[in-house]
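Next come the chains, spelled out residue by residue.
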Amino acid sequence: MRKNESKQRKLTKKMKIKLAGVFGCSLLALVGLLVGITWINAKSGNKYTQQVLTQSQQQYTDTTVPFRRGSITDRNGTMLANSVKVYNLVLDCVEINNNDKYKDPTKAALEEYFDIEQDVVDGLLTNEETKDSRYQILKKEVTMDERRAFEESLEVPESKEEQEALGEEEITRRQRVKGVYFEDTYKRIYPLGSLACDVIGFTDAGDTATWGLEGYYNSTLNGTNGRTFGYLSDNSSLEQNIIDPVNGKNLTTTLDATIQEIVEKYISAFDRALSAGPNNKKNAKKKGAENIAVIIQNPNNGEILAMASSGTYDLNNPRDLSGSYTEYEIENMDDEETKEALFDMWKNYCVSQNFEPGSTFKPVVVASALESGAITEANRFICDGGEEIGEDYVRCAVYPDSHGSQSLGEVIQNSCNDGMMAIGRKMGTKLFLEYQKKFNFGTRTGIDLPSEETGLLFSEDNMYEMELSTSAFGQGFNCTMIQEISAISAAINGGTYYQPHLVKEITDEDGKTVKNINPNVLKQPVSEEVSAKIREYMGLSVTNGTSRSAKVQGYSMGGKTGTAEKLNEKEKGNYLVSFIGFAPLDKPEMVIYTVVDTPNVEKQASSTYAQYLSQAIMSEVLPYMNIYQDEPVVEETVLWQGFYGVPKMTDIVEDGVSNPYGTILDQGFGDGDPIDEEDINDQETDGITNEDAGIEADDPEYEDEYDLDELEDDIRR
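Residues numbered from 1 in each chain as written. Predicted model: local features only at pLDDT ≥ 70, side-chain atom pairs only at ≥ 80, totals over all residues. Heavy atoms only, no water.

Remarks on the overall build of the protein
Reasoning step 1: On a plain count of helices and strands, the protein comes out with 23 helices and 23 strands.
Reasoning step 2: In the protein, which comprises 717 residues, the share counted as buried stands at 50%.
Reasoning step 3: If you take every contact in the protein between residues at least 6 apart in sequence, the share linking residues at least 24 apart comes to 73%.
Reasoning step 4: Per element, the accessible surface of the protein, about 35000 Å² overall, is 46% carbon and sulfur. (Helix = DSSP H or I, 4+ residues; strand = E, 2+ residues; numbered from the N terminus. Buried < 20%, exposed > 50% of the residue type's maximum accessible area, 1.4 Å probe, protein only. Contact = heavy atoms within 4.5 Å. Areas by Shrake-Rupley, 256 points an atom, 1.4 Å probe, with all protein chains shown as cover.)

So, in structure tokens, the structure goes:
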């Protein structure tokens, strides 16, 4: 038995030969495999390594991880500018060209989900310059929803039942969509469209900006890009290194979006109301004035609550000129004209436009004269209709009438040029120029906006008697709106000049405060006592004088009107009219400055237009700011007829508003109801005559109590 077993286990010679053959073949196959791998690695190893990296959604290539630009909000957290994540859709031509089976499924998927024509993809895959590229951007600003829909369409379910439901053909199609990946990036959006466009500005490609806060704080809003890069370690494993991006910082502005909206609503309505005027040009956009601008400031810290002008544009589409120009005008612009039109539209009128302020400058002169001791509050000033200076005669606003003897308060109340010229003479050139500079005229305020102008003043060498006289009532020199409102704020807030500013806080991406922008006191041009007197005099202008049309019932107010004639040849005969006011009278909490540059009416020299706009804005802003009424309400505030139909913030509208844009006033030049003659300027002055006021001109001691209920003369300064 054992012999038989031993015989069975013994290998025959034939078996040994077979076994050796199998072993030899296996050894040869192994050697061949090693040789093949070595040859492939030597010839195409880098290619296949890159393919492996590519198939990992580029996670191991050197790529930029973009930072997120900081946001801009108003003082209450309302989003004004924000960066949202979007994607670049990228095509890897090399991966697709590695296998022809990938081409058709990939092209079809791109066409279905991103509307990219197959011919476009074909062109990239076959073009000599792009076929070997691993980075071709097919589409920018792909949303998260678009990406998600595409990726879900390529998912292969794990369960066998779901796979069977899809079918082998569909699974194969999904698996053959290759060479497509998404690159993180951000898109700048402005949720409120055109609101505060002059202040906010916009970004260009690459998170760069020139205009508005976006431009001024560009480096603060921007962060630093991160990087993701991969490499093969010593043991040939794939390694990844990530340097995280540093996101930009956020700005909290001093703006109040609600106040800004109120301001822009009435600017738009005013623009529309006068758009049928006589100054329209053929084929040009109809508008109520060349420009209409408003600033609202807190006089006690320099914070800007609202800043706006007409001719707004959508920050999400800043190169669209259709809001300011007709299609005909745009089509006929050459490149240089288009560029000029865009720059003009983007310019912030409130800080970048010089003009002669007119009589709104008078309170500054009176404050300066009192502070310097050149005059006292007891002085009286004789107005006989004007002053003869050399061979010229400079008229008062009411010439050939006159104001007679006036107190200092009445000079402001009546906007008397003759009285102001006398005050200028008492100050003299040197002192006058010194106080102009103390109130920061001729120098940038330093507001945190780009392209601020300085204005243009006379020097001691070129200010003669005529220049001093006209400067005393606000003509002959230039300033900006931000200079004027900041100076008046100092004149009525107790004498402190605060630097105007638009950003109150800078925070990081986690909301932690990086920097608080505290009120910055630049100067103390006048004392509290002088400031109190200026408030009193400007109060007289609203109750009894030229600022009566700006009155909001129930609130004590101060104000001053202004009209400046344009004297250059191109614009001669046109006027810039304005109003600056504040409330409450004794403790001002807000200052408003309104400028209407060349109103589209027959008789432009009427500051009532600026008053109407200021009154409408304040009628909503004062209650919104919780500024309580401090006077008995004798009658309701009746707004200018051009604002009929404009919905107020407090209105509750269920079925819509029939005319939310106000009423177009015809004046005989367009559609709409004509303006009553008594509502437009019927003389080229805005001073108040003694006859109108019921005053005996030869009585030097008359009381400053005017009965102006019947006064309908339009007011110039």
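A look at helix H16 (residues 362–372)
Residues that lie three or four places apart on an α-helix share one face, since the helix turns once every 3.6 residues.
Reasoning step 1: Extensive coverage of H16 is indicated by the burial of 9 of its 11 residues.
Reasoning step 2: Looking at H16, one finds that the buried residues are Lys362, Pro363, Val364, Val365, Val366, Ala367, Ser368, Ala369 and Leu370.
Reasoning step 3: Tucked into the core, H16 has its buried residues touching helix H17 (408–414), helix H18 (417–438), helix H19 (465–472), helix H20 (481–492), helix H21 (528–543) and strand E21 (558–565).
Reasoning step 4: A positive phi of about 85° marks Gly373, the residue just after H16.

A closer look at the pattern of salt bridges
Reasoning step 1: Scanning all chains against the criterion turns up 25 salt bridges.
Reasoning step 2: Here Glu536 ties to Lys533 by a salt bridge, and the two come within 3.4 Å at their closest N and O atoms. In this pair, Glu536 and Lys533 are both assigned in helix H21, 3 residues apart and thus about one turn of the helix distant.
Reasoning step 3: Through salt bridges with shared partners, a single ionic network connects Arg69, Arg188 and Glu214. (Salt bridge = Lys/Arg side-chain N within 4 Å of Asp/Glu carboxyl O.)

Quick look at unusual backbone geometry
Glycine aside, residues mostly have negative phi, and peptide bonds are mostly found in the trans state.
Reasoning step 1: In the segment running from Tyr399 into Pro400, the intervening peptide bond is cis, with an omega of 10°.
Reasoning step 2: With respect to the helices and strands, the residue Pro400 is situated in the loop between strand E15 (392–395) and strand E16 (404–407).
Reasoning step 3: Unlike most non-glycine residues, Asp115 shows phi in positive territory, near 55°.
Reasoning step 4: On the secondary structure map, Asp115 appears in the loop between helix H4 (103–114) and helix H5 (118–126).
Reasoning step 5: Overall, the relative accessible area of 67% leaves Asp115 in the exposed class.
Reasoning step 6: Despite not being glycine, Asn626 has its phi angle at roughly 60°, a positive value.
Reasoning step 7: Residue classification places Asn626 among the exposed positions, given a relative accessible area of 53%.

Digging into the packing of aromatic side chains
Reasoning step 1: Under the defined criterion, the tally for this structure stands at 23 aromatic pairs.
Reasoning step 2: Geometrically, the ring pair formed by Phe441 and Phe477 is edge-to-face, given 6.4 Å between the ring centres and 80° between the ring planes. Within this pair, whereas Phe441 is found in the loop between H18 and H19, its partner Phe477 is found in the loop between H19 and H20, the two being separated by 36 residues in sequence.
Reasoning step 3: On the accessibility criterion, Phe477 (1% relative accessible area) is buried. (Phe/Tyr/Trp six-rings, centres within 6.5 Å; stacked < 30°, edge-to-face > 60°.)

Here's the deal with the pairing of strand E23 (residues 590–599)
Reasoning step 1: E23 sits mainly inside the fold: 10 of its 10 residues count as buried.
Reasoning step 2: Pairing between strand E22 (residues 575–583) and E23: 8 bridges, direction antiparallel. In the sheet register, Ile580 faces E23, and the bridge partner there is Tyr593.
Reasoning step 3: Here E22 folds back onto E23, and the loop between the two strands holds 6 residues. (Pairing = 2+ DSSP bridges.)

Here's the deal with the side chain of Asp198
Reasoning step 1: Mapped onto the elements, Asp198 comes out in helix H9 (residues 197–200).
Reasoning step 2: Lys347 is the oppositely charged side chain nearest to the buried, salt-bridge-free Asp198, at an N-O distance of 10 Å.
Reasoning step 3: Of the polar contacts made by the side chain of Asp198, one reaches the side chain of Ser309; its length is 2.5 Å.
Reasoning step 4: In contact with Asp198, not counting residues within four places along its chain, are Gly212, Ala308, Ser309, Tyr313, Met345, Trp346, Lys347 and Asn348. (Lys, Arg positive; Asp, Glu negative; His and termini not counted. Polar contact = N/O pair within 3.5 Å; in protein donor to acceptor, adjacent residues only side chain to side chain.)

A short note on the environment of Pro588
Reasoning step 1: The topology assignment puts Pro588 in the loop between E22 and E23.
Reasoning step 2: Spatially, the C-alpha atoms of Pro588 and Asn298 are 8.3 Å apart, while their sequence positions differ by 290 residues.
Reasoning step 3: Ignoring any residue separated from it by four or fewer positions in sequence, one finds Pro588 in contact with Pro299, Asn300, Ile492, Arg535, Phe582 and Ala583.

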